[in-house]
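Understanding the architecture of this molecule
Spelled out from the first residue to the last, the chains are:
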Amino acid sequence: MTVRSDERRYHIGVGKGEVGGYVVLTGDIDRAKKVSERFDSIDVKASNREFNAFTGTIKGVKLTAMSTGIGPDNTEIALVELKGVAQNGCVIVRCGSSGSLQKRAEVGDIAVSTGAVRLEKTSLPYAAMGYPAMPDRDVLSALRRCANGRDDVHFGLTATADGFYAAQGRRVHPNLDDSVLMKMMRLGVLNFEMETSALFILAHAFGFKAGSVCGLYANRVTDEFASRKVAEATDRRCIDLVIEAVMRMAEGD
Amino acid sequence: MDQKKRVYHINAKRVTENVILCGRRSRAFGIIKRVKGRVLSDEDYVLGIGKNEGKEVAVCSHGIGGPSIAIVVRELAELGARRFVRVGSSGALHPSVNVGDVVIATGAVRDDGSEYIAPIELPAIASPGLVDALVEMSKGVALPKGSKLHVGLVHSKYDFFSELPELTLDEQATRKGWERLRNLRVLCSEMECGVLFVSCIVLSQRMKAHIEAGALLVPVGRVEEEPYTSNADLRKKAEGAMDAAIGVALDALTK
């Protein structure tokens, strides 16, 4: 297996006992750090390439904030390596960013995934196409209770692509078109990003309980993009929501 | 738009928002009787409307397989249906599932030809709210002795006889396929949930409505062994489980 001689996992750099029962998975290294700033104490830090992990506690609940960089392939590395060091049934909630495909889901709002459209290929060897990429019922239910009554949190399908430009219908070359974007909009898909379907499939395969929450940094209908200030504020509210949901689950609510 | 022109196989002018679906015509007649309903249409499909807990509920048979249930769901949605619960039989797949258990489907693996309805990458998911209601209502219902309740993924297939790998073109590949599904904790296999769930996602979008779907399945045999058990006691257990499942479905739709 991919355990190094010091018993720490090959890429993610953490070992047994160094991962909490609740993992907040981000793409952005900086966002993982921001999550860890909410901890009452930080007991473990590991850093290797885009994988940065912080393990600590909030009110006695042990959490890990971990970044994986961009893309489903990195998400796979994190999940496979967590398999050996995280407890069975570990809750993994993605706290990411994405682009909105619906006019009503505005820049600065939050998207919670009720399922994911598998446009990536990383998860295919585990589960053939046709297998549904879905969040865990308990995690989704906790997120739903936390978002109750809020009009800035949207629930819907998330399309997961394995690229940022061509794979998400951005016409950065004459050979490209926006047909995938149009197709996702026609299906009523809420947001476009690069990790969720791989997370859902692998989490289910390995016996983890996953959820996915993404800030909306852009709106592909109106072509708006978040300013740095709006993006930072969105990140804060995403982290608030994820941590609130995690604490609710930890407290048995 | 004249709605009549979009409904070709069901002879009714309207249905209730809540619909319980089942494959067999005989089961539909039985449920219509149970809800003291009257039969509205008896052509390709049996449709009736009755009451449970003082609230109207429609009952409709959907035949076997994806293409058939796709017709029923679309036409009933045109007639006003907004919440569907399928109750049906299935083959036990995961070792934790036995004949006569009850499985509440959270989603379905699409091995069913439903890519003709929506891209295959789209997840066939049951409506979380309806799944929660089914789980909640199942707590108050007595299952037959030894019958267990499961909540999880099911498998929807195109080819009924793939349950008997020796009848397929490539027996080893078919067996390998079942093994892979077991490794992903897929509980049982049937033929309609994938199309039901995907249709409701597509119809919600096309009709700008909130159309929900859920399903309760009772294994009546075991995949790779026998599609319908030959054991009389197990058959009785499965019948009891089906009665209980129908009760859960009716309560989740009307309570």
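Worth saying up front: this structure is predicted, and the values here are computed from it rather than measured.

What counts and how
- Residues numbered from 1 in each chain as written.
- Chains lettered and ligands numbered in written order.
- Predicted model: local features only at pLDDT ≥ 70, side-chain atom pairs only at ≥ 80, totals over all residues.
- Helix = DSSP H or I, 4+ residues; strand = E, 2+ residues; numbered from the N terminus.
- Rg over C-alpha atoms; globule rule 2.2 N^0.38 Å.
- Buried ≥ 20, exposed ≤ 12 C-beta atoms within 10 Å, placed from the backbone.
- Contact = placed C-beta atoms within 7 Å.
- Nonpolar A, V, L, I, M, F, W, Y, C, P; charged D, E, K, R; others polar.
- Arc of directions from axis to C-beta.
- Axes fitted to C-alpha atoms, helices over the stretch in contact; angles between N-to-C directions.
- Parallel < 35°, antiparallel > 145°, perpendicular 65-115°, else oblique.
- Left-handed = near helix turned anticlockwise from the far one by under 90°.
- Pairing = 2+ DSSP bridges.
- pLDDT = per-residue confidence, 0-100.

Some thoughts on the overall build of chain A
For chain A, the count of helices and strands is six helices and ten strands. Taken over C-alpha atoms, the radius of gyration comes to 17 Å for chain A, in line with the 18 Å a tight globule of 253 residues would show. Taken along the three principal axes of its C-alpha coordinates, chain A extends 50 × 40 × 30 Å. With 253 residues in all, chain A has 53% of them scored as buried.

As for the overall build of chain B
Counting secondary structure elements, chain B contains six helices and ten strands. Seen through its C-alpha atoms, chain B measures out along the principal axes to roughly 50 × 40 × 30 Å. Counting all 255 residues of chain B, 55% fall into the buried class. Of the contacts made within chain B by residues no fewer than 6 positions apart, 80% connect residues no fewer than 24 positions apart.

Digging into the interface of chain B and chain A
Listed as interface residues are 19 residues of chain B and, on the opposing side, 20 residues of chain A. Counted by class, the side of chain B that touches chain A contains 13 nonpolar, three polar and three charged residues.

Quick notes on helix α1 (residues 29-36) of chain A
Residue and element names in this part refer to chain A. When α1 is considered as a whole, its buried residues turn out to be R31, A32, V35 and S36. End-on view of α1: buried residues confined to an arc of 145°, all on one side of the axis. Lining the buried residues of α1 we find β1 (22-26), β2 (41-48), β3 (51-58), β4 (61-67), β5 (91-100) and α6 (228-250).

What to know about the packing of helix α3 (residues 128-138) of chain B against helix α6 (residues 232-254) of chain B
All names here are of chain B. Where α3 meets α6, the axes come as close as 9 Å, and the angle between the chain directions of the two elements is 125°. Looking at the two axes, α3 sits oblique to α6. Handedness of the α3/α6 crossing: right-handed. Residues L130, A133, L134, M137 and S138 of α3 touch α6, and the partners they reach there are V248, D251 and A252. Here the contact of α3 with α6 is built from residues that sort into six nonpolar, one polar and one charged.

Some remarks on the pairing of β4 of chain A
All names here are of chain A. Buried residues dominate β4, accounting for five of its seven residues. Where β1 and β4 come together, five bridges link them in parallel fashion. Residue pairing in the sheet places L25 in a bridge with M66 of β4. In this structure, β3 lies alongside β4, joined through seven bridges in antiparallel fashion. Bridging from a neighbouring strand, I58 pairs with V61 of β4. Connecting β3 to the next strand, β4, in antiparallel fashion are two residues, including K59 with a positive phi near 50°.

Here we look at the environment of E244 of chain A
Assignment of secondary structure puts E244 of chain A in helix α6. Taking the C-alpha atoms as reference points, E244 of chain A and G130 of chain A, 114 residues apart in sequence, are found 33 Å from one another.

Digging into the environment of G221 of chain B
Residue and element names in this part refer to chain B. Mapped onto the elements of the fold, G221 is located in strand β10 (residues 212-222). You can call G221 buried: it has 22 C-beta atoms within 10 Å. Residues G221 and A108, spaced 113 residues apart in sequence, show a C-alpha to C-alpha distance of 19 Å. Setting aside anything within four residues of it in sequence, one finds G221 in contact with G91, V99, E226, P227, Y228 and T229.

Regarding helix α4 (residues 179-186) of chain A
Residue and element names in this part refer to chain A. Among all positions of α4, only V180, L181 and M184 are buried. Angular distribution of buried residues about the axis of α4 spans 100°; they occupy a single face of the element. Opposite the buried face of α4, at more than 90 degrees from it, the exposed residues are S179 and M182. Taken together, the buried residues of α4 touch β6 (110-118), β7 (153-160) and β8 (191-193). Immediately downstream of α4, the backbone of G188 shows phi near 80°, a positive value.

What to know about the pairing of strand β4 (residues 55-61) of chain B
Residues and elements named next belong to chain B. Here β4 lies mainly inside the structure; five of its seven residues are buried. The sheet contact formed by strand β1 (residues 18-22) and β4 spans four bridges and is parallel. Residue pairing for β4: I20 is matched across the bridge by V59. As defined by bridge partners, strand β3 (residues 46-52) adjoins β4 across six bridges and the pair is classed as antiparallel. The residue bridging I49 from the neighbouring strand is A58, located in β4.

With respect to unusual backbone geometry
The phi angle of most residues is negative, glycine excepted, and most peptide bonds adopt the trans form. Although it is not a glycine, D223 of chain A sits at a positive phi angle of roughly 60°. One non-glycine residue with positive phi stands out, namely K36 of chain B, at about 50°. Within the secondary structure layout, K36 of chain B lies in the loop between α1 (25-34) and β2 (38-42).

Things to note about the packing of helix α2 (residues 72-85) of chain A against helix α5 (residues 196-206) of chain A
Residues and elements named next belong to chain A. Contact pair α2 / α5: the axes reach a minimum separation of 9 Å and the direction vectors enclose 20°. Looking at the two axes, α2 sits roughly parallel to α5. The way α2 lies across α5 gives a crossing that is right-handed. Here P72, T75, E76, L79 and K83 of α2 lie close against α5, whose contacting residues are A198, L199, L202, A203 and F206. Its residues assigned to classes, the contact of α2 with α5 comprises seven nonpolar, one polar and two charged.

Side note on the confidence of the model for chain A
Per-residue confidence for chain A gives a mean pLDDT of 95; residues scoring 70 or more make up 98%. Under a pLDDT of 50 for its full length, residues 1-5 of chain A has, in the predicted model, seven contacts with residues more than four places off or in other chains.

Regarding the environment of G69 of chain A
Residue and element names in this part refer to chain A. Following the sequence through the fold, G69 ends up in the loop between β4 and α2. We classify G69 as partly exposed; it has 19 C-beta atoms within 10 Å. Excluding its chain neighbours within four sequence positions, the residues that come into contact with G69 are G27, E50 and N74.

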